[in-house]
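Structural description and commentary
Each chain, written out:
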Amino acid sequence: MTTAVAEAQDAHDEHHGPDKGIRRWLFTTNHKDIGTLYLVFSLIMFFIGGAMALVIRTELMQPGLQFVHPEFFNSMTTMHALIMVFGAVMPAFVGLANWMIPMMIGAPDMALPRMNNWSFWILPVAFGILLSTLFMEGGAPAAGWTMYPPLVLQTGDAFPFLIFSVHLMGISSIMGAINIIVTILNMRAPDMWLLKMPIFVWCWLITAYLLIAVMPVLAGAVTMLLTDQFFGTSFFLAAGGGDPVMFQHIFWFFGHPEVYIMILPAFGVVSEIIPTFSRKPLFGHDSMVYAASSIAFLSFIVWAHHMFTVGMPLSGQMFFMFATMLIAVPTGVKVFNWVATMWRGSMTFETPMLFALAFVFLFTIGGFSGLMLAIAPADIQYHDTYFVVAHFHYVLVPGSIFAVMAGAYYWLPKWTGHMYNESLGKLHFWLSTIFVNVTFFPMHFLGLAGMPRRIPDYSTQFADFNMIASIGALGFGFSQLIFVWVLLTAKKGAKATDRVWEAPKGLEWTVPSPAPYHTFDTPPKARIAQEAFE
Amino acid sequence: MIRKSLLSLLGTLWAGAASADWALNMPRGVTELSAETYDLHMMVFWWCVWIGVVVFGVMIISLVKHRKSRGVEPATFSHSTTAEVVWTIIPVVILLVMAVPAAETMIRLEDSRNPDISVVVTGYQWKWHYRYQDEDIAFYSSLDRPSVEARPKNSGIDPFDVENFLLEVDRPLVVPKGAKVRLLITSNDVVHSWWVPDLAIKKDAVPGIINETWFRAEQTGTFRGQCTELCGKDHGYMPIVVEVVEPDAYIAWVETHQQTGERVATSQ
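Throughout this description, residue numbers start from 1 for each chain and increase along the sequence as written. Here every chain gets a letter starting at A, and every ligand a number starting at 1, in the order they are written. Only residues with pLDDT of at least 70 get local features here, since the model is predicted, and only at 80 or more are side-chain atom pairs given and counted; chain-wide, interface and lining totals rely on the full set of residues.

Remarks on the overall build of chain B
Starting at the N terminus, helices and strands are each numbered in turn, a helix being any DSSP run of H or I of at least four residues and a strand any DSSP run of E of at least two. Helices and strands together make up the secondary structure of chain B, namely six helices and ten strands. Note that contacts rest on C-beta atoms placed from the backbone: two residues are in contact if these are within 7 Å. Across chain B, the fraction of contacts at a sequence separation of at least 24, relative to all contacts at a separation of at least 6, is 68%.

Observations concerning the overall build of chain A
Broken down by element type, chain A carries 18 helices and zero strands. The C-alpha radius of gyration computed for chain A amounts to 23 Å, which stays within 12% of the reference 24 Å derived for 534 residues, consistent with globular compactness. For every residue, the other C-beta atoms within 10 Å of its own C-beta are counted; 20 or more classify it as buried, 12 or fewer as exposed, and values in between as partly exposed. C-beta atoms are placed from the backbone. Counting every position in chain A, which comprises 534 residues, the buried fraction comes to 62%. The long-range share in chain A, meaning contacts at least 24 apart out of those at least 6 apart in sequence, stands at 82%. The reference for a compact globule is 2.2 Å times residues^0.38; the radius of gyration itself is calculated from the C-alpha atoms.

Here's the deal with the domain arrangement of chain B
Residues and elements named next belong to chain B. Here the limits of each domain have been adopted from an automatic or database domain assignment. Structurally, chain B comprises domain 1 (32-66 + 80-109) and domain 2 (117-259). Each of domain 1 and domain 2 has a C-alpha centre, and these two points are 36 Å apart. Taken together, the contact between domain 1 and domain 2 spans four residues of the former and five residues of the latter. For the side of domain 1 that touches domain 2, the per-class residue count stands at one nonpolar, two polar and one charged. When residues are sorted by character, Ala, Val, Leu, Ile, Met, Phe, Trp, Tyr, Cys and Pro go into the nonpolar class, Asp, Glu, Lys and Arg into the charged class, and all the rest, Gly among them, into the polar class.

A closer look at helix α5 (residues 113-132) of chain A
All names here are of chain A. By this rule, a helix spans an expected 1.5 Å times one less than how many residues it contains. Helix length check: α5, at 20 residues, gives a terminal C-alpha distance of 30 Å against a target of 28 Å (1.5 Å per residue), a fit within 8%. Taken as a whole, α5 has its buried residues at N116, N117, S119, F120, L123, A126, F127 and L130. On the buried face of α5, the contacting elements are α2 (22-27), α3 (31-59), α4 (70-105) and α6 (158-186).

Quick look at the confidence of the model for chain B
Detailed reading of predicted coordinates is not advised where the pLDDT is low. Residues and elements named next belong to chain B. Mean pLDDT over chain B: 88, with 88% of residues reaching 70 or higher. Low pLDDT, under 50, characterises residues 264-268; the stretch is placed with six contacts to residues that sit more than four places away or in other chains. Model confidence for the complex: the whole-complex pTM is 0.92, and ipTM, which rates the interface, is 0.90. Note: pLDDT gives the predictor's confidence per residue, expressed from 0 to 100.

A few points about the nonpolar core
Each nonpolar core reported here comprises buried Ala, Val, Leu, Ile, Met, Phe, Trp, Tyr and Cys residues connected via C-beta atoms within 7 Å. V270(A), F359(A) and A406(A) are the most contacted members of the largest nonpolar core, which totals 249 residues. Among the elements that make up this core, the one with the highest residue count is α4(A) (22 residues). Domain assignment of the residues forming this core places at least three in each of domain 1 (32-66 + 80-109) and domain 2 (117-259) of chain B. For F359(A), the residues in contact, after removing those within four places along its chain, are V270(A), P398(A), G399(A), F402(A), A403(A) and A406(A).

Some thoughts on the sheet that holds strand β3 (residues 137-141) of chain B
Residues and elements named next belong to chain B. Ordered by their spatial adjacency, five strands build an open sheet running β3-β2-β1-β5-β8, and the pairing between neighbours is mixed. Lying at the two open borders of the sheet, with one neighbouring strand each, are β3 and β8 (211-215). For this sheet, the mean inter-axis angle between neighbouring strands, taken without regard to orientation, is 25°. In this analysis, strands are considered paired if DSSP registers two or more bridges between them. Pairing between strand β1 (residues 117-124) and strand β5 (residues 181-187): seven bridges, direction parallel. Looking across to β5, one finds that T122 is bridged to T186. Only the contacting stretch of a helix is used when fitting its axis, a line to C-alpha atoms as for every element, and angles between N-to-C directions run 0 to 180 degrees.

Description of the sheet that holds strand β4 (residues 173-176) of chain B
All names here are of chain B. Strand order in the open sheet made by the five strands is β4-β10-β9-β6-β7, with mixed pairing throughout. What marks the edges here is a single partner per strand, and that holds for β4 and β7 (201-205). Each strand of the sheet is rotated relative to its neighbour by a mean of 25°, with strand direction disregarded. Relative to β7, strand β6 (residues 192-196) runs antiparallel, the two sharing five bridges. Residue pairing in the sheet places H192 in a bridge with A205 of β7.

Some words on the interface of chain A and chain B
With 81 residues of chain A in contact, the opposing surface of chain B contributes 82 residues. Broken down by secondary-structure element, the contributors of at least two residues to the side of chain A that touches chain B are α4, α8 (244-261), α11 (314-326), α12 (328-342), α13 (351-374), α14 (376-382), α16 (422-448) and α17 (463-488) of chain A. Element by element, the count of residues in the side of chain A that touches chain B is highest for α12(A), at nine residues. A per-class count over the side of chain A that touches chain B returns 48 nonpolar, 24 polar and nine charged.

Topic: the packing of α4(A) against α6(A)
Relative orientation and spacing of two packed helices are given, respectively, by the angle between their axes and the distance between those axes. All names here are of chain A. As a packed pair, α4 and α6 sit with axes 11 Å apart at the nearest point and diverge in direction by 20°. Taken together, the axis directions place α4 and α6 in an arrangement best described as roughly parallel. Like other packed secondary-structure pairs, α4 and α6 cross with a definite hand, here left-handed. Here F86, M90, V94, A97, I101, P102 and I105 of α4 come into contact with α6, specifically with M169, S173, G176, I180, T183 and I184. Here the word oblique covers every angle except those under 35 degrees (roughly parallel), over 145 (roughly antiparallel) and from 65 to 115 (roughly perpendicular). Crossings are assigned a handedness: left-handed for a near helix turned anticlockwise from the far helix by less than a right angle, right-handed for a clockwise turn.

A word on the confidence of the model for chain A
The share of residues in chain A with pLDDT of 70 or more is 95%, and the mean pLDDT across the chain is 93. The low-confidence segment residues 1-11 of chain A, where pLDDT is below 50, has nine contacts with residues more than four positions distant or belonging to other chains.

Notes on the packing of helix α9 (residues 264-278) of chain A against α12(A)
All names here are of chain A. Axis separation between α9 and α12 bottoms out at 9 Å; the angle between their running directions is 15°. By the angle between their axes, α9 is roughly parallel relative to α12. The crossing of α9 and α12 is left-handed. Contacts between α9 and α12 involve F267, V270, I274, P275 and S278 on the former and, on the latter, K334, W338, T341 and M342. Looking at the contact of α9 with α12 residue by residue, the classes come out as six nonpolar, two polar and one charged.

Topic: unusual backbone geometry
Glycine aside, the phi torsion of most residues is negative, and most peptide linkages are trans. In this structure, P150(A) follows P149(A) across a cis peptide bond, with omega equal to 0°. Assignment of secondary structure puts P150(A) in the loop between α5 and α6. Note the cis peptide between S513(A) and P514(A), where omega equals -5°. Of note, P514(A) is situated in the loop between α17 and α18 (527-530). A positive phi angle, near 50°, is found at N114(B), a position not held by glycine. If you check the backbone angles, L166(B) has positive phi at about 65° while not being a glycine. Positionally, L166(B) belongs in the loop between α5 (145-150) and β4.

With respect to the environment of S119(A)
All names here are of chain A. Within the secondary structure, S119 sits in helix α5. Here S119 falls in the buried class, since 24 other C-beta atoms lie within 10 Å of it. Separated by 68 residues in the primary sequence, S119 and M187 place their C-alpha atoms 20 Å from one another. Non-local contacts of S119, meaning those with residues more than four positions away in its chain, are made with S172, M175, G176 and N179.

Some remarks on the pairing of β1(B)
Residue and element names in this part refer to chain B. With six bridges joining them, β1 and strand β2 (residues 127-132) adopt antiparallel strand pairing. Within β2, the residue paired with T122 across the bridge is H129. Adjacent in sequence and paired antiparallel, β1 and β2 are bridged by two residues.

Digging into the environment of F465(A)
Residues and elements named next belong to chain A. Structurally, F465 can be placed in helix α17. Judged by local crowding, F465 falls into the buried class, with 24 C-beta atoms found within 10 Å. Between the alpha carbons of F465 and G417 there is a distance of 44 Å; along the sequence they are 48 residues apart. In contact with F465, other than residues within four places in its own chain, are P442, F445 and L446.

Following this line, the structure appears as structure tokens:
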């Protein structure tokens, strides 16, 4: 049946194939093209943000200032974070969603294809504006990605451009999220009811609701900054009766769900990969859904754990401490379920599986430091030190970014129709895993020993671990060039079969490799694939 | 300089426990609450270690035993309500065990009633200002001269040659041992944060708001910290030094400072 469908689709392609040249990419409404655009954009941003990280680590390699001035150093930390969060991690997951969700639920495309085009093409504009601030009078934004007032109001000419680019990123994310929700809720194959959806689709559905809930909050917060700066309001200015701490509350009401926006799709990717290479169904599919939903709900009521030092009432600190500790329960369920999926499976260790396994190990380490940070009195010591830097890089780099890498290797043969170079993939994996730990593990020690974050220079007792971290960072950064090489040579490998791997489950493996330009013009019978989930 | 750091790293690795403690772990500090905080930190740390040993242990056993290359046929189970209930309840119990002592410490940390001394701490870009409420003493505390000279880019001065590089001030905060010192922390411009690890105190200095915190140092000595909220270009250059002295020495210090008029007039 598959081949018959494929032939019908190939014939169809001849009439409605992609445009030629640049027009294909500018005007495309095809979910696969837009997915590719998102992924390529994300990779470019990953390297720009990574280059900034290397500026930071090169300066911090030794005590004393060797390469940059403190203002520029602060711009680098600020821009690195904004670019990695909004430019690399989030678009990467939207790219995976664009490519995979329609194919996983048996839909012909995203529900709102023109908006899909628009939500992507806003991004290069937003980041063009943000990057242009590097060349402005007063330098790029340097008040941290958290943009706390009153400091952020001391930004030079870059200030309104920062606000505008954040607005654009928010608009893009909201449109992308609406598109994903509408697609998932309306365009599933007729016999794929909600709890039978693949776990990646579930995680993205929840993520999309988080995005719609919190991106407008961020937009509101930065708009208030804008009016404080230019229109004489005093939302956050104590001199006019405003409250600088209110900004922090609003920001983190966005910011905490935001960190789950960056990790829930990663949970989804890993939950697809581990069963495939364990040759065993995902353990506790439904409880994974409930756990992801609980994490999403809790993310709205823990924001002030970023603010244990701002001077909150005792009762407030207690509430946020207990609520934060609770997150460990559903997160634990996820980790236990992944381990239970592997248990008594028949595992092989191709590159996607290696990245997924490293994700489980290293994300869990980030989870442990997260639990330590939840303990409010201890957090007062950890807060704004390198311990926090170590924590969130553990959940974001070997967490989110490893999941993106795992997903890229996992679905690459489906996208290109060819197997990537497995030994280069493994080399990329091992170098990344070793260097990511060399970079970020010593940061725990630095933080505990008393090194604050966001400082361009430090006292001499912090020199050794900074040297190690910097060597690791350079190693990690250059290892990523292997990934680029793997992508550039992706079409040189052997032809991929339609199923690609030995035992993958899901509708995306029922279409040919490479996936034709249009898939599922008629809704498939999903039950055949679904039965595998039971 | 690279060789110097590598050598000193080797030195750290082989050195006695004392120096390793400082390099690897949170200091135990010199107040009752800093010790309690340290104990909490270690308690949660060890819980994490044991959970990690179990979870990673099971995972590693699985990675070794359940591989296709050993000819294992995959099992087909996909859920177990019992297992899932168990691994939901056990973490809840562990969390309760952690939450109780954490809450107790939190309550004590916030109890700044009946202080012996009150000092108003004001953050400036980029220095601290201290005003003793009951004495006629007020002064700014900025980065010490040798560090100021060594800090510019390519200053030609090796930071390893500067004693307490970036952690020394011209005028430290002086407090007596055993006294309950209440700090009233605010800021004149942007948000700063006042942190001394050995006192286990970190409190943001927010313009327009006066935050309260306290400590009672049980040992004399010099304790160093830094501003921990990004406050602009010289955020890394506004250290904090607290000198805890014997009560007699403190009284003598107060008298000399009031007489010599070393205090700096401020708008406050």
